[in-house]
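Chain residues, written in single-letter form:
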Amino acid sequence: MTVTAAPLVEEFRSGLDAPICLTWELTYACNLSCVHCLSSSGRRDPRELGTAECKRLIDEFERMQVFYVNIGGGEPTVRSDFWELVDYATAHHVGVKFSTNGLRITPDVAKKLAGSDYIDVQISLDGATAEVNDAVRGRGSFDMAMRAMRNLAEAGFAGFKISVVMTRHNVAQLDAFKSIADSFGAQLRITRLRPSGRGADVWDELHPTAGQQRELYDWLVAHGENVLTGDSFFHLAGYGQGLPGLNMCGAGRVVCLIDPVGDVYACPFAIHNAFLAGNVRGTGGFAEVWRSSELFTDLRRPQSGGACTSCSAFDACQGGCMAAKFFTGLPLDGPDPECVRGFGEAALATADATAAPRPSGDHSHRRAPAAGGPARGGPARGGPVPDGSARDGSARRARQPVPISIGPRPPGLAGADSADPVGRDSAPELRSVPDRACDLSPLAGFAPPAAR
């Protein structure tokens, strides 16, 4: 009898013993306030995992044979133990790819990174020009990213990644992004803008138009073999030819997120209690959550495609992105909001945007309230919920642009952060006016557990 092996994608749908795309957000602390940040980062959560807990989690990755982990944030390099944790991971056979805005990639750091075979670096850049990039990521962030890339290239780090979130303002810059990557000997990685985190507030204004989706698809058909996309654009496969990358939703099957406090979510873009599977601090740790949680077990069962199964493109696009549907108020078995056949646009036209779920938690930097409006920044997970809102985020704020308040520090505050905990001395153009200690330093009040 001949036994035919199941296609690899079918193996993925039923789940693996360990994730192959594990994102670990080490901290919510960040020196930037990107308008589309998927984790609404800015201020550190005082409950984040300590150094010893992080090392125990890495030990667990090693036992599970997790071969690499995507480390992000926030800006992960602002943690005082970041390099210690990276060294610990690689020493325990867990490769590291970390995402950074370039803040701490000095020439010396670049030389150290270039000397490791188990570390990859991903620099975030959302515009091929300062004008486009800084409108989303903050003034001075383009120059900071380019400086980091030059340092890596000059240190001989070949093949580092440049990560771009596609918006309607940078689709026309795809060739320019590729040229930047080629000039540094880097590899371009493009990802989809999801209505997650602060991205929920700007998705209507920033997500590519239908015409730009087609432009993006045609560009990927022509260049996709040399460009990384992960599982970002399988919804575009409805145009016809499949694209390189994982053409399925891997949430809870081969993909998951561990956040700074140890909560485990099905996907980095689905930070909401509906997709919370457990916490690594619980009995059995991460392995128990990954292998036995009720949520992940359910996601690995055969899923209904709903009305989409009658569409001729369903086998190609698989109904699109779960997080994109959820945070725009569409049913999970309905069309992707950016469905290339137009079904998502039609569904959005009849959906109640004010009833769509809100992402859980908001760690944005607090600022002085606008005239007649509240200060930006909601409760941290587990914190008090303001009157009139629900823990599941069912009371959705009206979408509006997220304000960015970046400017020079008042003279009276000069020298207040002499330790320069987030590297502002190396990028003075990113100094912002703080209204409390944790805005002056995302690590204010934090000491590693061993030092307490």
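Shown above is the structure to which this text applies.
Residues numbered from 1 in each chain as written. Predicted model: local features only at pLDDT ≥ 70, side-chain atom pairs only at ≥ 80, totals over all residues. Heavy atoms only, no water.

This part takes up the side chain of aspartate 126. By the secondary structure assignment, aspartate 126 is in the loop between strand 4 (119–124) and helix 5 (130–137). Here the side chain of aspartate 126 touches histidine 36 through a polar contact of 2.7 Å, side chain to side chain. Residues within four places of aspartate 126 in sequence aside, it is in contact with His36, Val132, Asn133, Val136, Arg137, Ser163, Val164, Val165, Asn170 and Phe177. (Helix = DSSP H or I, 4+ residues; strand = E, 2+ residues; numbered from the N terminus. Polar contact = N/O pair within 3.5 Å; in protein donor to acceptor, adjacent residues only side chain to side chain. Contact = heavy atoms within 4.5 Å.)

Every α-helix carries 3.6 residues per turn, so stepping three or four residues along brings you back to the same face. Taking 1.5 Å of rise per residue, 14 residues should cover 20 Å, and helix 6 (residues 141–154) covers 20 Å from first to last C-alpha, within 8% of that figure. Turning to helix 6, its buried residues number three or more, namely Ser141, Phe142, Met144, Ala145, Met146, Ala148, Met149, Asn151 and Leu152. Considering only its buried residues, helix 6 is in contact with helix 4 (107–114), strand 4, helix 5, strand 5 (161–166) and helix 7 (174–183). (Expected span 1.5 Å × (residues − 1). Buried < 20%, exposed > 50% of the residue type's maximum accessible area, 1.4 Å probe, protein only.)

A word on the environment of isoleucine 105. The residue isoleucine 105 is located in the loop between strand 3 (95–100) and helix 4 in this model. The class of isoleucine 105 is buried, set by a relative accessible area of 3%. Here the alpha-carbon distance between isoleucine 105 and leucine 152, two residues 47 residues apart in the chain, equals 7.7 Å. The contact partners of isoleucine 105, leaving out residues within four places of it in the chain, are Phe98, Thr100, Ala110, Leu113, Ile123, Ala148, Asn151 and Leu152.

Strand order in the open sheet made by the nine strands is 6-5-4-3-2-1-7-8-9, with mixed pairing throughout. At either margin of the open sheet sits one strand with a lone partner, and together these are strand 6 (187–192) and strand 9 (276–279). Across this sheet, the average inter-strand angle for adjacent strands is 25 degrees, counted without regard to direction. Bridge analysis of strand 7 (residues 255–258) against strand 8 (residues 263–265) gives two bridges, and the strand direction is antiparallel. Its bridge partner being in strand 8, isoleucine 258 is matched across the sheet by valine 264. (Pairing = 2+ DSSP bridges. Axes fitted to C-alpha atoms, helices over the stretch in contact; angles between N-to-C directions.)

All right, on to the packing of aromatic side chains then. On inspection of all chains with the given rule, the structure shows 12 aromatic pairs. Between phenylalanine 82 and phenylalanine 98, the ring centres sit 5.1 Å apart and the planes meet at 75 degrees, which makes this aromatic pair edge-to-face. Here phenylalanine 82, found in helix 3 (residues 82–91), pairs with phenylalanine 98, found in strand 3; they are 16 residues apart in sequence, far enough to count as distant. In this structure, phenylalanine 82 and phenylalanine 98 share a single accessibility class: buried. A centroid spacing of 5.5 Å and a plane angle of 70 degrees characterise the contact between tryptophan 290 and phenylalanine 296, whose relative ring orientation is edge-to-face. Judged by its relative accessible area of 0%, tryptophan 290 falls in the buried class. Residue phenylalanine 296 is classed as buried on the basis of its relative accessible area, which comes to 0%. One aromatic cluster in this structure is built from Trp24, Phe61, Phe286, Trp290 and Phe296. When the ring centre of tyrosine 239 is taken as reference, the NZ or CZ atom of arginine 214 above it lies at 4.6 Å. (Phe/Tyr/Trp six-rings, centres within 6.5 Å; stacked < 30°, edge-to-face > 60°. Lys NZ or Arg CZ within 6 Å of the ring centre and 35° of its normal.)

Moving on, we get to the pairing of strand 2 (residues 68–72). For strand 2, the buried fraction is high: four of the five residues fall into the buried class. As defined by bridge partners, strand 1 (residues 21–25) adjoins strand 2 across three bridges and the pair is classed as parallel. Each bridged residue has a counterpart across the sheet, and for glutamate 25 the counterpart in strand 2 is glycine 72. Handedness of the crossover joining strand 1 and strand 2 through helix 2 (residues 51–64): right-handed. Relative to strand 3, strand 2 runs parallel, the two being bridged by four bridges. Paired with tyrosine 68 across the strands is glycine 95, a residue of strand 3. As a crossover connection, the stretch from strand 2 through helix 3 into strand 3 is right-handed. (Right-handed = clockwise from strand over helix to strand, strands pointing away.)

This part is about the nonpolar core. Judged by nonpolar contacts, the single largest core of 82 residues is most densely connected at Trp24, Phe61, Ile190, Phe286 and Phe296. Here the element with the most residues in this core is helix 6; it accounts for six residues. When near neighbours in sequence (up to four residues on either side) are disregarded, tryptophan 24 contacts Leu49, Cys54, Leu57, Ile58, Phe61, Val69, Asn70, Ile71, Gly72, Ile258 and Asp259. (Core = buried A, V, L, I, M, F, W, Y, C linked by side-chain atoms within 4.5 Å.)

It is worth spelling out the packing of helix 7 against helix 9 (residues 210–223) at this point. It is the contact of helix 7 with helix 9, at a shortest axis distance of 11 Å, that shows an interaxial angle of 35 degrees. Residue-level inspection shows Leu174, Asp175 and Lys178 of helix 7 in contact with helix 9, the latter providing Leu216, Trp219 and His223. Of the residues in the contact of helix 7 with helix 9, the class split is three nonpolar, one polar and two charged. (Nonpolar A, V, L, I, M, F, W, Y, C, P; charged D, E, K, R; others polar.)

So, about helix 5. Three or more residues of helix 5 are buried, namely Val132, Asn133, Asp134, Val136 and Arg137. Backbone geometry just downstream of helix 5 places glycine 138 in the positive-phi region, at approximately 115 degrees.

Right, let's talk about the environment of isoleucine 271 for a bit. On the secondary structure map, isoleucine 271 appears in the loop between strand 8 and strand 9. Linking isoleucine 271 and glycine 197, residues 74 residues apart in sequence, is a C-alpha distance of 7.6 Å.

Let us now look at empty space enclosed by the protein. The final tally for this structure, using the stated rule, is four cavities of 30 Å³ or more. Approximately 120 Å³ is the volume attributed to the largest cavity. Around the largest cavity sit 15 residues that line it, and Cys308, Cys311, Cys317, Gly319 and Cys339 are the ones nearest its centre. Class assignment for the residues of the lining of the largest cavity results in nine nonpolar, four polar and two charged. In this structure, the second largest cavity occupies an estimated 70 Å³ of space. Arg194, Asp231, Phe234, Cys249, Gly250, Ala251, Val255, Cys267, Phe269, Cys321, Met322 and Ala323 are the residues that line the second largest cavity. Along the lines of polarity and charge, the residues of the lining of the second largest cavity split into nine nonpolar, one polar and two charged. (1 Å grid on protein atoms, 1.4 Å probe; cavity = no way out; pocket = protein on both sides within 12 Å on 5 of 7 lines; lining within 4 Å. Points joined across faces, edges and corners; volume = space filled by probe spheres on them.)

Positionally, valine 132 belongs in helix 5. When the C-alpha atoms of valine 132 and asparagine 170 are compared, they prove to be 7.0 Å apart, with 38 residues separating the residues in sequence. Dropping the residues within four chain positions of it, valine 132 is found in contact with Asp126, Gly127, His169, Asn170 and Gln173.

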